[in-house]
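Structure assessment
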Amino acid sequence: MAKRSKREARLRRQRRVRRRVVGTAERPRLCVFRSAKHIYAQVIDDQSGSTLVSASSLTIKSEEGAKVGTAKAVGQAVAEAAKKAGINQVIFDRNGFLYHGRIAAVAEGARDGGLEF
């Protein structure tokens, strides 16, 4: 059996989770993507196939830490934008990434911003 690359393993986890995690209009999906430099968060309604709210570290800079602090700020920003759009509850989709570090910081920031999941 050939060894899977990190990317292939993440995509397998992503597909496995995505079978169950589906965003609706009442409870959309908060999807997080982490690259080497930046982090992106989107609130998605899968039934209509539209992105309702998004935030990324391209526009948000944080003073309290290089990447983890910025990730928490992105979580707070997406929560604030979702609140303005009338969204209070979401389903968290870690997109196949492990729940620690920057992914957990986005979740913590979104919870601090008032989103429930």
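Anything mentioned here points back to the structure above.
No experiment lies behind these values; they were computed from the predicted model shown.

This next bit is on the side chain of Arg-10. Examined against the element boundaries, Arg-10 turns out to sit in helix H1 (residues 6–18). The buried charged residue Arg-10 lacks any salt bridge, with Asp-93 as its nearest oppositely charged partner at 8.1 Å. At a separation of 2.8 Å, a polar atom in the side chain of Arg-10 contacts the main-chain carbonyl oxygen of Asn-95. The contacts of Arg-10, once residues within four sequence positions are left out, are Phe-33, Asn-95, Gly-96 and Phe-97.

When we look at a pair of aromatic rings, we describe it by the centre distance and by the angle of the planes. Per the counting criterion, the structure on display carries four aromatic pairs. Pairing Phe-33 with Tyr-40 gives two aromatic rings, centres 6.1 Å apart and planes at 35°, and the pair type is tilted. Each ring, one from Phe-92 and one from Phe-117, has its centre 5.3 Å from the other, and the planes form 10°; the classification is stacked. With Phe-92 in strand S4 (residues 91–93) and Phe-117 in the segment after helix H3 (102–112), this pair connects stretches of sequence that are 25 residues apart. Residue Phe-92 is classed as buried on the basis of its relative accessible area of 17%. Put simply, the rings of Phe-33, Tyr-40 and Phe-97 pair up and form one aromatic cluster.

Conventions we followed
- Residues numbered from 1 in each chain as written.
- Predicted model: local features only at pLDDT ≥ 70, side-chain atom pairs only at ≥ 80, totals over all residues.
- Heavy atoms only, no water.
- Helix = DSSP H or I, 4+ residues; strand = E, 2+ residues; numbered from the N terminus.
- Buried < 20%, exposed > 50% of the residue type's maximum accessible area, 1.4 Å probe, protein only.
- Lys, Arg positive; Asp, Glu negative; His and termini not counted.
- Salt bridge = Lys/Arg side-chain N within 4 Å of Asp/Glu carboxyl O.
- Polar contact = N/O pair within 3.5 Å; in protein donor to acceptor, adjacent residues only side chain to side chain.
- Contact = heavy atoms within 4.5 Å.
- Phe/Tyr/Trp six-rings, centres within 6.5 Å; stacked < 30°, edge-to-face > 60°.

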